[in-house]
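Below, each chain spelled out in residue letters.
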Amino acid sequence: MKYVIAMLLVGCAFAAMFAFHNSARVGPYSLEIIAEVGDVIGGRTIIQFSRDPTPVRINNDGEIAFYAKVSSAQGEGWSVMTQNRFIAGAGKLVDGRLPFFNDEDHGVAINNLGQVTYTAFLPEGSRGLFVDETLLVQPGDVIDGITLGEFGRNPAINDRGTVAFQGSEVGRGWNIFTQDRLVVENGRVYDGHTMVSFKLPHINNAGEIVFRARSSNAHIDAVLAPDRIVAIGGDVLHGRPVFQLPEIGGITDSGEILLVIDPDPNTPGQFVATEDRVLMELPGEVDGIPLVNIWSDDVAINNNLEFAFLGAFQREDGTLQRVLFADGQRIIADGDVIDGKVIRRLRGNFDINDRGDVVFRAEFEDLSRAVILARAIPEPDALVLAVMAMIALLCIAPRRLRRAPGAPRWLPCGRTLEEMRG
């Protein structure tokens, strides 16, 4: 009976440990080159990465979508792929068309189902919007009575397969659409501001969409949802003036929108915030490193409110060094070494998933380039450590009881210590 009770306690301890495992803080990071020149994916050999900060995106399964130039028997050209599969480009026929790319003018996104959305040039020269090997929409298609003309290069996709994108109406400005509906039309008035040039949409799994726009009458930038202004130049957010909004870092499934805000044009400094809280202020110290600001205003957030950013550290000679952070921890910096290669320059347009893994691009001193994964190593919190100690005690206690004279014979094997020794 005691053995049964002990096993039940051990089982409860394991259940508690796994229940609280997801709340454990992310610890150190392991670094791995995911894709580099010479790698073969789907029978195509990578021969080049762009010098421009083309996007890399990661889902919760660790699948990473990116662009590279490849060579194969089918042809040579810029293409979109993951580390597991080749999707489009270099002469591959996709949904009856031959999409092609240049090295700087296309976005990519991937959801947790592994669906990859991207824009590509069509043979007639216009741009189409794809999901995997399906042409989703193209110029001339009609959505909510609006005939589509052209597409922006940064679509977003959620786990329902809904794609939010920037599209123009023939002869007019940029709107925000999904494949099924018009989200917001160019020229819409928000609190007296006529908003134009809608772009850079983000969408969460609840279907909420946020995007950038510009006020045509005040000539100031804003971050908008379909029905409201999230933040706009001239506002005060968390007691701080908003001068510019250079970047949206994403929207979580709970609706928190990550913003990078420049508060003063004459004073270096930024703050990173959601509508509910300030997450970081610069200049300031992060993980013991004094940072001046965020490099290229590039940030990304996950559903645990862990955000990654590329910070700028000022060296003694006055030059700036790039340092990549996530969850307040230093991951890597210019000058660090991976697989014996020295990083010359970290690139922006990176991503973070809900496990805390960060994917980014880097250029090395030999001018080669690669896609790199910083894999988060979970760090057990105090509760997990306490549960593990409980398990150890439960394993030790029965042995101590069995050493006592006259102890009952309830060992799993049905033998006393004296019998085992004999």
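The rules behind these values
- Residues numbered from 1 in each chain as written.
- Predicted model: local features only at pLDDT ≥ 70, side-chain atom pairs only at ≥ 80, totals over all residues.
- Heavy atoms only, no water.
- Helix = DSSP H or I, 4+ residues; strand = E, 2+ residues; numbered from the N terminus.
- Areas by Shrake-Rupley, 256 points an atom, 1.4 Å probe, with all protein chains shown as cover.
- Pairing = 2+ DSSP bridges.
- Axes fitted to C-alpha atoms, helices over the stretch in contact; angles between N-to-C directions.
- Core = buried A, V, L, I, M, F, W, Y, C linked by side-chain atoms within 4.5 Å.
- Buried < 20%, exposed > 50% of the residue type's maximum accessible area, 1.4 Å probe, protein only.
- Contact = heavy atoms within 4.5 Å.
- Phe/Tyr/Trp six-rings, centres within 6.5 Å; stacked < 30°, edge-to-face > 60°.
- Lys NZ or Arg CZ within 6 Å of the ring centre and 35° of its normal.
- Salt bridge = Lys/Arg side-chain N within 4 Å of Asp/Glu carboxyl O.

## With respect to the overall build of the protein
Then, number 1: Looking only at helices and strands, the protein features 3 helices and 39 strands.
Then, number 2: When the accessible surface of the protein is split by element, carbon and sulfur atoms take 50% of a total near 19100 Å².

## Here we look at the sheet that holds strand β9 (residues 116–121)
Then, number 1: Pairing within the open sheet is antiparallel, and its 4 strands lie in the order β8-β9-β10-β11. With partners counted over all chains shown, the strands left at the sheet margins are β8 (108–110) and β11 (134–137), one partner each. Between one strand axis and the next, the sheet turns through 35 degrees on average, direction left out of account.
Then, number 2: Inspection of the sheet shows strand β10 (residues 127–131) paired to β11 by 3 bridges, in the antiparallel sense. The partner of Phe130 across the bridge, within β11, is Leu135.

## A few points about the nonpolar core
Then, number 1: Ranked by size, the top nonpolar core spans 24 residues in total, and within it Leu324, Ile331, Ile332, Leu346, Val358, Phe360 and Ile372 carry the most contacts.
Then, number 2: Among the elements of the structure, β1 (26–36), β31 (293–301), β32 (307–314), β33 (320–326), β34 (329–333), β36 (341–346), β38 (358–364) and β39 (369–378) are those that each provide at least two residues to this core.
Then, number 3: Setting aside residues no more than four positions away along its own chain, Ile331 makes contact with Tyr29, Leu31, Leu324, Phe325, Ala326, Val358 and Ala374.
Then, number 4: Counting 17 residues, the second largest nonpolar core, distinct from the first, contains Ile34, Ile41, Ile46 and Ala90.

## Details of the packing of aromatic side chains
Then, number 1: Within the structure shown, the criterion is met by 10 aromatic pairs.
Then, number 2: Between Phe101 and Tyr118, the ring centres sit 6.0 Å apart and the planes meet at 50 degrees, which makes this aromatic pair tilted. In this pair, Phe101 is assigned in the loop between β7 (86–89) and β8 and Tyr118 in strand β9, connecting sequence segments 17 residues apart.
Then, number 3: Judged by relative accessible area, which is 0%, Tyr118 ranks as buried.
Then, number 4: Here the guanidinium or amino end of Arg188 rests over the ring plane of Tyr190, the centre of that ring lying 5.2 Å away.
Then, number 5: A cation sits over an aromatic face here: Arg240 above Phe271, 5.6 Å from the ring centre.

## Let's talk about the pairing of strand β26 (residues 257–262)
Then, number 1: Summarising burial for β26: 6 of the 6 residues are buried, a large majority.
Then, number 2: Of the two faces of β26, the one holding Ile257, Leu259 and Ile261 and the one holding Leu258, Val260 and Asp262 are both buried throughout.
Then, number 3: The turn linking strand β25 (residues 244–251) back onto β26 is made up of 5 residues, and Gly255 within it adopts a positive phi angle of 95 degrees.

## Overview of the pairing of β31
Then, number 1: Relative to β32, β31 is paired through 5 bridges, and the arrangement is antiparallel. What sits directly across from Ile301, in β32, is Phe307.
Then, number 2: Taking the residues that link successive antiparallel strands as the turn, the β31-β32 hairpin has 5 residues, and the phi of Leu305 there is positive, at about 60 degrees.

## Observations concerning the environment of Val323
Then, number 1: Mapped onto the elements of the fold, Val323 is located in strand β33.
Then, number 2: Looking at Val323, the relative accessible area reads 2%, which means it is buried.
Then, number 3: Separated by 13 residues in the primary sequence, Val323 and Leu310 have C-alpha atoms spaced 5.6 Å apart.
Then, number 4: For Val323, the contacting residues outside a window of four places in its chain are Ile289, Phe309, Leu310, Gly311, Phe313, Arg330, Ile332, Ala333 and Leu346.

## Structural notes on unusual backbone geometry
Then, number 1: Of the consecutive residues Leu282 and Pro283, the connecting peptide bond is found in the cis state with omega at 5 degrees.
Then, number 2: Note on placement: Pro283 falls in the loop between β28 (278–282) and β29 (284–286).
Then, number 3: Even without glycine at this site, Asp191 takes up a positive phi of about 45 degrees.
Then, number 4: Within the secondary structure, Asp191 sits in the loop between β18 (189–190) and β19 (193–203).
Then, number 5: Positive phi is not limited to glycine here, since Asp327 has a value of about 50 degrees.

## Overview of the pattern of salt bridges
Then, number 1: Applying the stated criterion to the full structure yields 20 salt bridges.
Then, number 2: For Arg85, the salt bridge identified is with Glu63, shortest N-O distance 2.8 Å. On the criterion of sequence distance, the pair formed by Arg85 in the loop between β6 (75–82) and β7 and Glu63 in the loop between β4 (57–58) and β5 (64–72) is long-range, its members being 22 residues apart.
Then, number 3: Here the salt bridges share partners, and the residues they tie into one network are Glu63, Arg85 and Asp132.

## Brief notes about the sheet that holds β18
Then, number 1: With antiparallel pairing, the 5 strands of this open sheet are ordered in space as β18-β19-β20-β21-β22. The open sheet has two edge strands, β18 and β22 (228–232), and neither has a second partner.
Then, number 2: Two elements, strand β20 (residues 209–215) and strand β21 (residues 221–225), share 4 bridges in a ladder whose sense is antiparallel. By the bridge assignment for β21, Arg214 is matched with Asp221.

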